[in-house]
Amino acid sequence: MSSENSSADDVQRVWDVVVVGAGPAGASAAYAAAVAGRSVLLLEKAELPRYKTCGGGIIGPSRDALPPGFELPFKDRVHAVTFSLDGRYSRTRKSKQMLFGLINRPEFDQQLVEHAQKAGAELRTGVTVTRVEQHGSAVPDRRTVAVVLQGGETLLARAVVGADGSASRIGAHVGVKLDQVDLGLEAEIPVPETVAEDWKGRVLIDWGPMPGSYGWVFPKGDTLTVGVISARGEGAATKRYLEDFIGRLGLAGFEPSISSGHLTRCRADDSPLSRGRVLVCGDAAGLLEPWTREGISFALRSGRLAGEWAVRIAEAHDAVDTRRQALNYAFAVKAGLGVEMSVGKRLLIAFERRPGLFHAALTGFRPAWRAFVDITRGSTSLGEIVRTHPIAQRALTAFDR
């Protein structure tokens, strides 16, 4: 507690911004609000560092959204991609420049939290938020939100950011609606040096047997992250795909150090991003790229926006001003990330129908590979490519039919 509050213990402290969840979205929000000079409390139910099911690919847009001076803890730098179509027609494409970097999430997330703390945010771990209240006896006035913890403790804030992941309590309060739910399965497989050497600097992307599914191998030093993702409801088939995939790669003999599963959830177009003084970002808002299900860049970028707008909401004096700031936040998210998501959705539908065509384009059609390189390196986005390249526009329109 800061000194001016500690003398008046009977008067409960009101934080400018309380952020729920200390993943990339929450840490980015806490950082953005703290840098603006506000009092920020970051809550996390786990103890840090903690494991997350995630490939851990850091593409250009993620890198560009990091706090200044952030040193990425890369385990490997990717210069080559092998594409295969359900294990066949394998082809490797190389790039002189690094395409993207690979990180371990526990380390990366921890470092983001440390940046938020350096900026002035306070961290509390091991706390579970059961609900938020914007009306009622726990709320002293209309400018305050009550954040109720398991065990009954109540914290007060001028603005709350929900970044509590894909099964978000805060998302439920806001009324987030989900459109697409996918199941990702992953194994962290420690491998001998000879095997690790073979994968160094190269990832594999395999277009899978179920509509919209794909698998990946991401090398991280002496461990390979091997995973698959597919629409929810195909649990047994998804599990079989992962087993077959690992077998085909000749990795079945190695014991995974961690095997995990995770549901990714994509928002519906009309899903709200706020309610009163509460904003949601990252997975809690259902923000991720629908085709690749890439979520880290969406978490970092929406988290930063949420932190900036939470500061404005904390300063808002009435419901009208609060509403205006919340609408501005929604507009900022939709203008950037929303455009990318709508293109991603169209790509996913096309990919579900014709994975072979995607494979042929990326392995045999130079402009398609160029686009892949530019997107992963962050020099352009899906939305940008469709807007500025007539070929891409025509191809997508043809697919839509």
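Reading the values: rules and limits
- Residues numbered from 1 in each chain as written.
- Predicted model: local features only at pLDDT ≥ 70, side-chain atom pairs only at ≥ 80, totals over all residues.
- Heavy atoms only, no water.
- Helix = DSSP H or I, 4+ residues; strand = E, 2+ residues; numbered from the N terminus.
- Rg over C-alpha atoms; globule rule 2.2 N^0.38 Å.
- Contact = heavy atoms within 4.5 Å.
- Phe/Tyr/Trp six-rings, centres within 6.5 Å; stacked < 30°, edge-to-face > 60°.
- Buried < 20%, exposed > 50% of the residue type's maximum accessible area, 1.4 Å probe, protein only.
- pLDDT = per-residue confidence, 0-100.
- Core = buried A, V, L, I, M, F, W, Y, C linked by side-chain atoms within 4.5 Å.
- Pairing = 2+ DSSP bridges.
- Salt bridge = Lys/Arg side-chain N within 4 Å of Asp/Glu carboxyl O.
- Axes fitted to C-alpha atoms, helices over the stretch in contact; angles between N-to-C directions.
- Expected span 1.5 Å × (residues − 1).
- Parallel < 35°, antiparallel > 145°, perpendicular 65-115°, else oblique.
- Left-handed = near helix turned anticlockwise from the far one by under 90°.
- Nonpolar A, V, L, I, M, F, W, Y, C, P; charged D, E, K, R; others polar.
- 1 Å grid on protein atoms, 1.4 Å probe; cavity = no way out; pocket = protein on both sides within 12 Å on 5 of 7 lines; lining within 4 Å.
- Points joined across faces, edges and corners; volume = space filled by probe spheres on them.

This next bit is on the overall build of the chain. Check the secondary structure of the chain and you find 13 helices and 18 strands. Computed over its C-alpha atoms, the radius of gyration of the chain comes to 22 Å, within 12% of the 21 Å expected for a compact globule of 401 residues. With respect to the three principal axes, the spread of C-alpha positions in the chain is 70 × 45 × 40 Å. Once local pairs closer than 6 in sequence are excluded, the contacts in the chain between residues at least 24 apart make up 73%.

Another point: the packing of aromatic side chains. In this description, a pair of aromatic rings is defined by centroid distance and the angle of the planes. Tallied over the full model, the rule gives 14 aromatic pairs. Judged by centre distance (6.1 Å) and plane angle (15 degrees), the rings of F83 and W207 are stacked. Note that F83 is positioned in strand β5 (residues 80-85) and W207 in strand β13 (residues 202-207), a separation of 124 residues in sequence. On the basis of relative accessibility, which here comes to 4%, the residue W207 falls in the buried class. Taking the centre distance of 6.1 Å and the plane angle of 85 degrees together, the rings of F83 and W369 count as edge-to-face.

For the bond from L48 to P49, the omega torsion is -10 degrees, close enough to zero to count as cis. Residue Y89 is not a glycine yet carries a positive backbone phi of 50 degrees. Looking at the element boundaries, Y89 is found in strand β6 (residues 88-94). If you check the backbone angles, R293 has positive phi at about 60 degrees while not being a glycine. Counting through the fold element by element, R293 comes out in the loop between β18 (278-280) and α8 (296-315).

Time to look at the confidence of the model for the chain. In this model, the chain carries an average pLDDT of 94, and 98% of its residues clear a pLDDT of 70 or more. For the stretch residues 1-9, pLDDT sits under 50, and the model shows five contacts to residues farther than four places along the chain or on other chains.

With 71 residues, the main nonpolar core has L43, F108, V147 and Y329 as its most contacted residues. Broken down by element, this core gets its largest block of residues, eleven residues, from α8. In this view, L43 contacts V18, V19, V20, G21, A22, R124, V127, V129, V147, L149 and L155; residues no more than four positions away in its chain are not counted.

With that out of the way, let us pick up the sheet that holds strand β4 (residues 76-78). A sheet is described by the order of its strands in space; here three strands give the open sequence β3-β7-β4, paired in antiparallel fashion. The two strands at the open ends of the sheet, each matched to only one other strand, are β3 (57-58) and β4. Examined bridge by bridge, β4 and strand β7 (residues 100-102) share three bridges and lie antiparallel to one another. Residue pairing in the sheet places D76 in a bridge with L102 of β7.

A separate point is the pattern of salt bridges. Counted under the stated rule, the structure contains 20 salt bridges. We note a salt bridge from D141 to R158, for which the minimum N-O separation is 3.9 Å. Of this pair, D141 sits in the loop between β9 (129-133) and β10 (145-149) while R158 sits in strand β11 (residues 154-162); the two residues are 17 residues apart in sequence, bridging distant segments of the chain. Among the charged side chains, a salt-bridge network with shared partners connects E44, R50, R105 and D109.

Reading across the sheet, the seven strands line up as β6-β5-β13-β14-β15-β12-β16 and stay open at both edges, with mixed pairing between neighbours. Strand pairing shows two members of the sheet lacking a second neighbour, β6 and β16 (258-267), which therefore form its edges. Each strand axis lies, on average, 20 degrees off the axis of its neighbour in the sheet, ignoring direction. Where strand β12 (residues 178-190) lies against β16, ten bridges are found, and the strand directions are antiparallel. Considered in β16, the bridge of L178 is made with R267. Sheet strands touched by helix α11 (residues 366-377): β5, β6 and β13. Its angle to β5, the strand with the most contacts, is close to 125 degrees.

To continue, consider α11. For α11, built from twelve residues, the straight-helix expectation of 16 Å at 1.5 Å per residue is met to within 8% by its first-to-last C-alpha distance of 16 Å. Within the sequence span of α11, burial applies to A368, W369, A371, F372, V373 and T376. Positive phi appears at G378, one or two residues downstream of α11, with a value of about 90 degrees.

Turning to the packing of helix α9 (residues 319-353) against helix α13 (residues 390-400), a few remarks are in order. Between α9 and α13, whose axes approach to 9 Å, the crossing angle comes to 60 degrees. With respect to each other, α9 and α13 are oriented oblique. Remark: the crossing between α9 and α13 carries left-handed chirality. Here V343, R346, L347, A350 and R353 of α9 come into contact with α13, specifically with L396, T397, F399 and D400. When its residues are assigned to classes, the contact of α9 with α13 shows five nonpolar, one polar and three charged.

This part is about the environment of L300. Residue position: L300 is located in helix α8. Spatially, the C-alpha atoms of L300 and T130 are 24 Å apart, while their sequence positions differ by 170 residues. Not counting chain neighbours up to four residues away, the residues in contact with L300 comprise P24, S28, S62, A65, L66, F108 and L112.

Before going further, it helps to spend a moment on the layout of surface pockets. Considered as a void within the structure, the second largest pocket measures approximately 410 Å³ in volume. Around the second largest pocket, the lining comprises 20 residues; the ones closest to its centre are Q134, H135, R142, G276 and A319. Only β17 (274-275) and α9 provide two or more residues apiece to the lining of the second largest pocket. Sorting elements by how many residues they give to the lining of the second largest pocket places α9 first, with four residues. Here the lining of the second largest pocket is built from residues that sort into four nonpolar, nine polar and seven charged.

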